[in-house]
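# Fold and contact review
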Amino acid sequence: MGGSGADALEAARAALRAAEQRVGVTRRAEVLPEPVEPVSQPLADLLPGRTFPKGTTSTVVGSTSLLLELLGATQRAGEWVAFVGMPTLGLLAVHEAGVDLERVAYIPNVGPNGPAAVAALLDGIEHIVVGPACALLDTDRRRLLARARERGSALISTTPWSGAALALDVERATWAGPDGGDYWLRETRYDVVRHSKADGPGRRFTIVRTHETGLARGTTARTRLELYAAAEERRSLRLVSGAA
Amino acid sequence: MATTRTAVLWVPDWPVVAAMAAAGVDAHVPAAVLGARSRGGQTAGHSVVAVSAVARAAGVRRGMRRRQAQERCPELALLPADDGRDAREFEPVALAAETVVAGIEVARPGLLLLPADGAARYHGSEHALARALVEAVAERTGYECAVGVADGILAAILAARADAVVPPGGSRAFLAPRPAAELVHAVTDPGGVAAVREAVDLWWRLGVRTLGDLAALPTPVVQARFGDLGAWAHRLARGEDERPPARRRIEADLAVAADLDPPALRVDVATFAARRLAEELHEMLARRGLACGRLRITARTGGLDGPTDDGATLERVWRTDDAATGGLSAARITDRVRWQLEGWLTGAALGARRAARGADDAAPAVAPIVHLALAAQEVVPAGTHQPALWGAGAGQDVRARRALGRVQGLLGGDAVLTVRVQGGRDPRDRVHLVPFGEDVAPARDAALPWPGALPSPAPPTLLPEPAPVRVLDAADRDVVVGARLGTSGEPAAVVRDGADGPERVVAWAGPWPVAERWWAPDGRRRVYLQVVLEDGQGLLLAAAGGAWRAEAVYD
């Protein structure tokens, strides 16, 4: 039985080879699809590598809620997030954004030890969010960036950081949804300009986040995100793809 | 065939006995343990899960509602349920039993399984063994217990309830006349009780009323009709559940303590003593090849009013999750103690200074520490710690924990916080912040409904100090909330401190009144309002005492 099975496989392979030679097709190594990450599609488009770039700095300036959404969408199982120097952070919003609170460290006040604390965190924490209360000089920033590159952690700043590999500037975050007092704030529209090496002068995005939930009953809200590239951007995208 | 004789040591009404011991309730006071609040149905609310003998004589039964139980017995002491306490308090009983029989299995708090063969031979007879066990437990812990010996676990458990010894081979006959409902006593996990009750109820309706009836049925039929639960019950009813108890080695908690003379008023002095204690504890753990799951730090402060004042006891428990990496080092134990003492001594010193300034804040005055104790709890043999099989690699967590530990060393123990969600209504109350590594349970259950809680999404930015604002209507009059919770007008503009002029409101939601704990002195009444300003930003405003404050920003 085993012998005839092997023969049949060999015969099938020979037939395939013959067919390939006849039509001039060559076989290519199977490319495995990239492991599917639970990153919701719009956010994947906003972050070029589907995640905050590791080993370098990103900035998300102008909207805490967008920062949390991005963290919630890109934190993989087992990855830690530390919030340093953000005494005003609403931690319930962190939870609702889908960040695993089991792996969150919150260091609201660092005093003058900000650089040392962030440097220590870089050794073991994958995402370090540095807020405005963590005072850093330009020399500190350079040193921390070098350390992040060495350790492969993602540094995320809520204040501008010169030399950041990815900068998301939220020009306007518009909250809506009360409908004259019948509902509550449940919709957000972010106008974002993304700056990175590949983006040239910057690309514009619009993200709409809607919360669908009953009045808070302890259930997790379903968050829906939609992303539109701005109109002129879409045209330029089409042009690029036409040229290619 | 050699039979496996099993002895069972049973302490009647363990949860209530443990709760009474922990709460210091006297044995003659009727007491009952109230379970967690169940949800829905007719049994919503707290119900009694365990009753002391005195309360039972007064007519209180398991499963009664709180009010019903108090109706039967008004002087009933109601104690909260706590699985951790039950297990903790049972440990001395297990240790006492181990002085008589080597190797025991704790089936559940209140119930011990012991192998009886060898021990009975050693003590002369099974009756002598039972007597020795009862005496050892009574002498060392003061609890009354009953011991039964039989083949098989169910028979032994039921024998313990009757304080009897069933002769070898007599288990089946002993079980046969008993009602099938007694199977419940052999269930060790609380979730299984309901399933067994349901099955017993079904058998009753089918005419299978006693364990003997059940045992008389052919095995394959029971298995086919009632599945695994049926097969388990059938095996028990036939007295065939003979397995030797899983023995375990019990490790007593290790503790070290020192009196500080002269009393330590400064952190560095106390830390010096703590370092010596930490090294001693670490040495004890290392010498015995043990690791601990929790570290309890206790400090007693001296009184301010001379030697008659006992002072206060300050205690904190730290989780030491990295048992896999070889337990705590002496330096880490010292660090933990130092952070904690810093918190106490500086907190107390601040309170004293505030009191000296004449503030009416009743903070305790600074008191020197006279006694310091460290205890290693949940002691297990080192190296038996089982890392998680699924999920992220344990190495990742260990790295993160080390990094956080270093930051704690840099900034102090209370600077690094971990976050849990707890019950509550406003975004501040719903978050439970605990210093990293400390073991504190959330104050309120997040799974309860919490009516009136603010709707999701929660504000991403909370203002540390709520800022006073003015809310104006279209005619530039202040918007006030009346006694009947109506607003005097639609909010049209908000005036914030530091802003140049009023900011127009483009959308608003609310007002939502929240009256929390109005029956208690710490009650709060607020009216919430959400507004969206022209620049798209949302604000969460709260009115209390006629003034509006901005609590949080939606950005």
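Please read these numbers as outputs of a predicted model, since none were measured by experiment.

### Topic: the overall build of chain A
Regarding its fold elements, chain A presents seven helices and nine strands. Of all 244 residues assigned to chain A, the portion counted as buried reaches 48%. Pairs at least 24 residues apart make up 57% of the contacts formed inside chain A by residues separated by at least 6 positions. Split by element, the accessible area of chain A, about 12,500 Å² in all, is 54% carbon and sulfur.

### Description of the overall build of chain B
On a plain count of helices and strands, chain B comes out with 14 helices and 19 strands. Here the contacts in chain B between residues at least 6 apart in sequence split such that 58% fall between residues at least 24 apart.

### Observations concerning the side chain of serine 47 of chain B
The residue serine 47 of chain B is located in the loop between strand 2 (31-34) and strand 3 (48-51) in this model. Discounting chain neighbours no more than four positions away, the residues touching serine 47 of chain B are Val33, Leu34, Gly35, Gly63, Met64 and Arg65 of chain B.

### Looking at the sheet that holds strand 3 of chain B
Residues and elements named next belong to chain B. What the three strands build is an open sheet, ordered 3-2-4; its pairing is mixed. Since the sheet does not close on itself, it has two edges, and those belong to strand 3 and strand 4 (77-80), each with one partner. Averaged over all adjacent pairs, the angle separating strand axes in this sheet is 30 degrees, with direction ignored. In terms of strand pairing, strand 2 meets strand 3 through three bridges, oriented antiparallel. Among the inter-strand pairings, alanine 32 is bridged to a residue of strand 3, identified as valine 51.

### Some points on the packing of helix 1 (residues 14-23) of chain B against helix 4 (residues 83-98) of chain B
A pair of packed helices is captured by two measures, namely the crossing angle of their axes and the spacing between those axes. Residues and elements named next belong to chain B. One way to put it is that helix 1 packs onto helix 4 with a least axis distance of 9 Å and a crossing angle of 85 degrees. On the basis of their axis angle, the class for helix 1 and helix 4 is roughly perpendicular. From helix 1, Trp14, Pro15, Ala18, Ala19, Ala21 and Ala22 reach across to helix 4, where they touch Arg85, Asp86, Glu89, Phe90 and Val93.

### Brief notes about the interface of chain B and chain A
Taken together, the 48 residues of chain B in the interface contact 52 residues of chain A. By the criterion of area lost to chain A, the three top residues of chain B are Ser456, Pro457 and Asp555 of chain B, representing 13% of everything that side buries. Applying the counting rule to chain B against chain A returns three salt bridges. As a salt-bridge pair, arginine 406 of chain B and aspartate 123 of chain A come within 3.1 Å of each other at their nearest N and O atoms. Of all the secondary structure elements, the ones that give two or more residues to the side of chain B that touches chain A are helix 14 (394-411), strand 12 (417-421), strand 13 (431-435), strand 14 (461-473), strand 16 (503-516) and strand 17 (524-533) of chain B. A total of 11 residues in the side of chain B that touches chain A trace back to one element, the largest contributor, which is helix 14 of chain B. Across two bridges, the pairing between strand 3 (residues 104-107) of chain A and strand 12 of chain B is antiparallel. Bridge pairing in strand 12 of chain B links alanine 105 of chain A to threonine 418 of chain B.

### Observations concerning the confidence of the model for chain B
Residues and elements named next belong to chain B. Across chain B, the average pLDDT comes to 80, with 84% of residues at or above 70. Here residues 39-44 is a poorly scored stretch, pLDDT under 50, and it has eight contacts once near neighbours within four places are set aside; other chains count. Across residues 354-364, confidence stays below pLDDT 50; counting only partners more than four residues off in sequence or on other chains, it has five contacts.

### Focus on the pattern of salt bridges
Residue and element names in this part refer to chain B. In total, this model carries 31 salt bridges over all chains according to the counting rule given. Note that aspartate 426 and arginine 524 form a salt bridge whose closest N and O atoms lie 3.6 Å from each other. Of the two residues, aspartate 426 sits in the loop between strand 12 and strand 13 while arginine 524 sits in strand 17, which places them 98 residues apart along the sequence.

### Topic: the pairing of strand 5 (residues 105-108) of chain B
Successive side chains on a regular strand alternate, one facing one side of the sheet and the next facing the other. All names here are of chain B. As paired elements, strand 5 and strand 6 (residues 111-115) share three bridges and run antiparallel to each other. When the bridges of strand 6 are listed, valine 106 appears paired with leucine 112. Linking two consecutive strands that pair antiparallel, namely strand 5 and strand 6, is a turn of two residues; a positive phi of about 105 degrees is found at glycine 110 within it.

### Side note on the nonpolar core
Membership of the largest hydrophobic core comes to 37 residues, with the highest contact counts inside it found for Leu71, Phe83 and Val192 of chain A. By residue number, the principal contributor to this core is helix 3 (residues 64-74) of chain A, which donates five residues. When sequence neighbours within four positions are dropped, the list of residues in contact with phenylalanine 83 of chain A reads Leu68, Leu71, Leu89, Val94, Val104, Ala105, Tyr106, Ile107 and Val129 of chain A. If you look at the next biggest cluster of nonpolar residues, it comprises 35 residues, including Val166, Val187, Val193 and Leu214 of chain B.

### Regarding the confidence of the model for chain A
Residues and elements named next belong to chain A. Per-residue confidence for chain A averages 77 on the pLDDT scale, and 77% of its residues sit at or above 70. Here helix 7 (residues 231-243) stands out as the element of chain A with the lowest mean pLDDT, 34, in contrast to strand 2 (residues 81-84), whose mean of 94 is the highest. Counted against residues more than four places away or in other chains, residues 28-38, with its pLDDT under 50, gives three contacts. Here residues 230-244 is a poorly scored stretch, pLDDT under 50, and it has six contacts once near neighbours within four places are set aside; other chains count.

### Description of the environment of proline 491 of chain B
Examined against the element boundaries, proline 491 of chain B turns out to sit in strand 15 (residues 491-496). Separated by 40 residues in the primary sequence, proline 491 of chain B and valine 531 of chain B place their C-alpha atoms 8.2 Å from one another.

### Here's the deal with the packing of aromatic side chains
If you walk through the whole model with that rule in mind, you get six aromatic pairs over all chains. A centroid spacing of 5.0 Å and a plane angle of 70 degrees characterise the contact between tryptophan 14 of chain B and phenylalanine 90 of chain B, whose relative ring orientation is edge-to-face. You can see tryptophan 14 of chain B sitting in helix 1 and its partner phenylalanine 90 of chain B sitting in helix 4, a full 76 residues away along the chain. The exposure class of tryptophan 14 of chain B is buried, given its relative accessible area of 2%. These aromatic residues form a ring-pair network of at least three members: Trp14, Phe90 and Tyr143 of chain B. Sitting over the face of the ring of tryptophan 161 of chain A, arginine 141 of chain A holds its NZ or CZ atom 5.3 Å from the ring centroid. The lysine or arginine in question, arginine 186 of chain A, covers the ring of tyrosine 183 of chain A, its NZ or CZ lying 4.2 Å from the ring centre.

### Observations regarding unusual backbone geometry
Residues and elements named next belong to chain B. For the bond from aspartate 261 to proline 262, the omega torsion is 5 degrees, close enough to zero to count as cis. Inspection of the secondary structure assignment puts proline 262 in strand 8 (residues 254-264). Within the chain, arginine 517 stands out as a residue other than glycine whose phi angle is a positive 45 degrees. Positionally, arginine 517 belongs in the loop between strand 16 and strand 17. Residue arginine 517 is classed as partly exposed on the basis of its relative accessible area, which comes to 40%.

### Quick look at helix 12 (residues 267-288) of chain B
Counted at 1.5 Å a residue, the expected span for helix 12 of chain B with its 22 residues is 32 Å, and the 31 Å between its end C-alpha atoms agrees. Two residues or fewer past helix 12 of chain B, glycine 289 of chain B is found with a positive phi of approximately 70 degrees.

Rules of the game
- Residues numbered from 1 in each chain as written.
- Chains lettered and ligands numbered in written order.
- Predicted model: local features only at pLDDT ≥ 70, side-chain atom pairs only at ≥ 80, totals over all residues.
- Heavy atoms only, no water.
- Helix = DSSP H or I, 4+ residues; strand = E, 2+ residues; numbered from the N terminus.
- Buried < 20%, exposed > 50% of the residue type's maximum accessible area, 1.4 Å probe, protein only.
- Contact = heavy atoms within 4.5 Å.
- Areas by Shrake-Rupley, 256 points an atom, 1.4 Å probe, with all protein chains shown as cover.
- Pairing = 2+ DSSP bridges.
- Axes fitted to C-alpha atoms, helices over the stretch in contact; angles between N-to-C directions.
- Parallel < 35°, antiparallel > 145°, perpendicular 65-115°, else oblique.
- Buried area = accessible area lost by both parts, 1.4 Å probe.
- Salt bridge = Lys/Arg side-chain N within 4 Å of Asp/Glu carboxyl O.
- pLDDT = per-residue confidence, 0-100.
- Core = buried A, V, L, I, M, F, W, Y, C linked by side-chain atoms within 4.5 Å.
- Phe/Tyr/Trp six-rings, centres within 6.5 Å; stacked < 30°, edge-to-face > 60°.
- Lys NZ or Arg CZ within 6 Å of the ring centre and 35° of its normal.
- Expected span 1.5 Å × (residues − 1).

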